[in-house]
Amino acid sequence: MSLIDLANPSRFLKFAERVLPWLAAATAVLMLVGLQQVFAAPDDYQQGATVKIMFIHVPSAWLSMFVWGVMSLAALGTLVWRHPLADVSAKAAVPIGAAFTFIALVTGSLWGRPMWGTYWEWDARLTSVLILFLMYLGLMALWRAVDDPSRAARAAAIITLVGAINLPIIKFSVDWWNTLHQPASVLRIGGPTIHPSLLVPLLIMAVAFSLLFLTLHLAAMRNEILRRRVRTLRLLQASAARA
Amino acid sequence: MTLGQHATFIIAAYAIAATVVAGLIVWVVADYRRQRAILHDLEIAGMKRRSAPQASRS
């Protein structure tokens, strides 16, 4: 099956049914391996055991932005190419992105209290991620408010592309402004500054979280295709009842 | 392995993350079952999509 074949919702459903069990199993295995590595990793020389929060905070934060990136590509698919699965993909990603952003905010807050002495600070990084979370909630509200999925898709696509401006602001906020949040220590010019004993578990958890997103996204897309079939059949049923 | 004096924060972070991820999994699985059940009921009621394959029309 070629990639272009997946543009057909029926073929996509068959593909999703086939790969989802394997993806779910791979996610579970990698998550278990990652957690074993996390709890075998040494404490940080400054932060002590609280560094363990990093292993869920950082992958969630990366995914909060990555998911918006996926939605932005899907938005282009909706607006430019009117790809049949583009708005299905965008809609399915929203609650998952919101959940990862929520995890990033809460775990960051729980990490901040013992390290910074505060749960929250209105600095550029924290505030821009909070804005990202509110944008996710806004998109969820929009998808629920508009009855016609194709109309909702166009509005959501425009908002998603405008909201993508926030992604570089989040990424570079720690460089552009004086923030309490530390600067990038993994994805930076000059290479990571984290010791390999902490970096390896972090990267395993990042891959595990990415697989988790892929699994949940495929499953949510499958559900959205079924939901649209239900909607079509209900409309047919209503028109048959009127005739 | 000891989590030290900040164990509460570490355990709370992992517990909240696990709860949210579990919630996502439950939502996806429950939504799938609900949509399948509704589709099944509609098909029993005789409703078929025009683009549905012929084999499934019987």
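Now for a description of the structure that goes with this document.

**Notes on the nonpolar core**
Residues and elements named next belong to chain A.
So, step 1. With 83 residues, the main nonpolar core has Met54, Phe55, Trp68, Met71, Phe100 and Tyr136 as its most contacted residues.
So, step 2. No other element matches the 17 residues that helix α7 (residues 196–242) contributes to this core.
So, step 3. The contact partners of Tyr136, leaving out residues within four places of it in the chain, are Ser64, Val67, Trp68, Met71, Val94, Gly97, Ala98 and Thr101.

**As for helix α3 (residues 86–116) of chain A**
Residues and elements named next belong to chain A.
So, step 1. For α3, with 31 residues, the first-to-last C-alpha span of 42 Å sits near the 45 Å given by 1.5 Å per residue.
So, step 2. Taken as a whole, α3 carries its principal kink of about 30 degrees at Val94; the proline Pro95 stands between one and four residues after it.
So, step 3. Here α3 lies mainly inside the structure; 26 of its 31 residues are buried.
So, step 4. Following α3 by one or two positions, Gly117 adopts a phi angle in the positive range, close to 85 degrees.

**With respect to the pattern of salt bridges**
So, step 1. Applying the stated criterion to the full structure yields 8 salt bridges over all chains.
So, step 2. Between Lys52(A) and Asp43(A) there is a salt bridge, with its nearest N and O atoms 3.9 Å apart.
So, step 3. The partner of Asp31(B) in a salt bridge is Arg227(A), and the shortest N-O contact between them spans 2.9 Å. Of this pair, Asp31(B) sits in helix α1 (residues 7–44) while Arg227(A) sits in helix α7, which puts the two residues in different chains.
So, step 4. Residue class for Arg227(A) comes out partly exposed when judged on its relative accessible area of 26%.
So, step 5. Residues participating in the shared-partner salt-bridge network are Asp87(A), Lys91(A), Glu224(A), Arg227(A), Arg228(A), Asp31(B) and Arg34(B).

**Comments concerning unusual backbone geometry**
So, step 1. With phi around 50 degrees, Arg82(A) is a residue other than glycine that occupies positive phi space.
So, step 2. Following the sequence through the fold, Arg82(A) ends up in the loop between α2 (54–81) and α3.

**Some points on the interface of chain B and chain A**
It is common to report an interface's size as the accessible area lost on association of the parts.
So, step 1. Each partner contributes residues to the interface: chain B has 29 residues there, and chain A has 37 residues.
So, step 2. Of the roughly 3200 Å² buried between chain B and chain A on both sides combined, carbon and sulfur atoms contribute 79%.
So, step 3. Of all residues in chain B, Phe9(B), Tyr14(B) and Arg49(B) bury the most surface against chain A, accounting for 21% of the area lost on that side.
So, step 4. Joining chain B to chain A, the criterion identifies 4 residue pairs in polar contact (both at pLDDT 80 or more).
So, step 5. Partitioning the side of chain B that touches chain A into residue classes produces 21 nonpolar, 3 polar and 5 charged.

**A word on the packing of aromatic side chains**
So, step 1. For the structure on display, the rule yields 10 aromatic pairs over all chains.
So, step 2. Summarising the aromatic geometry, the rings of Phe39(A) and Tyr14(B) are spaced 5.4 Å apart at their centres and angled 55 degrees between planes, so their arrangement reads as tilted. You can see Phe39(A) sitting in helix α1 (residues 9–40) and its partner Tyr14(B) sitting in helix α1, one on each of two chains.
So, step 3. One aromatic cluster is present, built from ring pairs that chain together Phe172(A), Trp176(A) and Trp177(A).
So, step 4. The ring of Tyr32(B) carries Arg222(A) above its face, with NZ or CZ at 3.5 Å from the centroid.

**Structural notes on the layout of surface pockets**
Residues and elements named next belong to chain A.
So, step 1. Considered as a void within the structure, the largest pocket measures approximately 1000 Å³ in volume.
So, step 2. If you go around the largest pocket, you meet 41 residues; those closest to its centre are His57, Val58, Trp111, His181 and Gln182.
So, step 3. Ranked by residue count, the leading element in the lining of the largest pocket is α3, at 8 residues.
So, step 4. The residue makeup of the lining of the largest pocket, split by class, is 26 nonpolar, 12 polar and 3 charged.

Cut-offs used in this document
- Residues numbered from 1 in each chain as written.
- Chains lettered and ligands numbered in written order.
- Predicted model: local features only at pLDDT ≥ 70, side-chain atom pairs only at ≥ 80, totals over all residues.
- Heavy atoms only, no water.
- Core = buried A, V, L, I, M, F, W, Y, C linked by side-chain atoms within 4.5 Å.
- Buried < 20%, exposed > 50% of the residue type's maximum accessible area, 1.4 Å probe, protein only.
- Helix = DSSP H or I, 4+ residues; strand = E, 2+ residues; numbered from the N terminus.
- Contact = heavy atoms within 4.5 Å.
- Expected span 1.5 Å × (residues − 1).
- Bend = angle between axes of the 7 residues up to and from the residue.
- Salt bridge = Lys/Arg side-chain N within 4 Å of Asp/Glu carboxyl O.
- Buried area = accessible area lost by both parts, 1.4 Å probe.
- Polar contact = N/O pair within 3.5 Å; in protein donor to acceptor, adjacent residues only side chain to side chain.
- Nonpolar A, V, L, I, M, F, W, Y, C, P; charged D, E, K, R; others polar.
- Phe/Tyr/Trp six-rings, centres within 6.5 Å; stacked < 30°, edge-to-face > 60°.
- Lys NZ or Arg CZ within 6 Å of the ring centre and 35° of its normal.
- 1 Å grid on protein atoms, 1.4 Å probe; cavity = no way out; pocket = protein on both sides within 12 Å on 5 of 7 lines; lining within 4 Å.
- Points joined across faces, edges and corners; volume = space filled by probe spheres on them.

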